[in-house]
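Residue strings, one per chain:
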Amino acid sequence: KDVKSTQLLYVKPSTTVLSVNKDIIQKGSSFTLTCVVEGYPQPETPTLRRGSTSFTLSCSGVNIKTCTVGFSNIDYSYSGQYTCSTKNTINSQEKPSSATLQITVYSHTDVTMTTTPPPGSR
């Protein structure tokens with residue numbers, strides 16, 4: 001009697017999400033970029049670039065990797081498009097994934113806040 005077995009292989013192409021921890025980034029302040037990559041087989045450690053400049057990420061996790069990089073005492077040169085990229089290989093085919101985020105650094109005078117008193121407070 002022949003016995004046939006079936007083997008199921010779970011695969012998930014890599015996905016990438018890039019986020020920043022602040023809504024408004026001002027000159028002289030700090031910010032953190034977080035790149036989360038997920039996939040099975042395990043995606044490669046992601047790369048983070050702004051133009052031709054690459055940044056070193058600190059990562060944790062295996063099939064879901066959370067990677068961060070912090071910037072402090074920033075100036076206008078930190079403005080630009082940041083791209084986080086990774087890939088995993090499924091059946092000998094590379095499956096790339098990336099996410100892009102535009103960062104704009106503002107001066108303190110560029111950002112103004114206005115408040116409106118609540119109704120009936122006058």
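Please read these numbers as outputs of a predicted model, since none were measured by experiment.

Caption draft 1: Structural context of the state of the cysteines. Tallied over the full model, the rule gives two disulfides. Disulfide partner of Cys 35: Cys 84, at an S-S distance of 1.8 Å. Its torsion about the S-S bond being -85 degrees, the disulfide of Cys 35 and Cys 84 is classed as left-handed. Of this pair, Cys 35 sits in strand S3 (residues 31-40) while Cys 84 sits in strand S8 (residues 80-90), placing them 49 residues apart in sequence. Judged by relative accessible area, Cys 35 falls into the buried class, the value being 1%. Judged by its relative accessible area of 0%, Cys 84 falls in the buried class. Paired by a disulfide, Cys 59 and Cys 67 hold their sulfur atoms 2.1 Å apart.

Caption draft 2: Representation of the side chain of Thr 16 in the model. Mapped onto the secondary structure, Thr 16 falls in strand S1 (residues 12-20). Assessed through its relative accessible area of 11%, Thr 16 is described here as buried. Side-chain polar atoms of Thr 16 contact the side chain of Ser 97, separated by 2.8 Å. Once residues within four sequence positions are removed from consideration, Thr 16 is found in contact with Cys 35, Val 36, Val 37, Cys 84, Thr 86, Ser 97, Ser 98 and Ala 99.

Caption draft 3: Geometry of the environment of Leu 57. Within the element layout of this structure, Leu 57 appears in the loop between strand S5 (53-55) and strand S6 (58-60). Residue Leu 57 is classed as buried on the basis of its relative accessible area of 16%. With 11 residues separating them in the primary sequence, Leu 57 and Pro 46 have C-alpha atoms 7.9 Å apart.

Quick notes on the rules
Residues numbered from 1 in each chain as written. Predicted model: local features only at pLDDT ≥ 70, side-chain atom pairs only at ≥ 80, totals over all residues. Heavy atoms only, no water. Disulfide = S-S within 2.5 Å. Helix = DSSP H or I, 4+ residues; strand = E, 2+ residues; numbered from the N terminus. Buried < 20%, exposed > 50% of the residue type's maximum accessible area, 1.4 Å probe, protein only. Polar contact = N/O pair within 3.5 Å; in protein donor to acceptor, adjacent residues only side chain to side chain. Contact = heavy atoms within 4.5 Å.

Taken by themselves, the reported measurements are silent on function.
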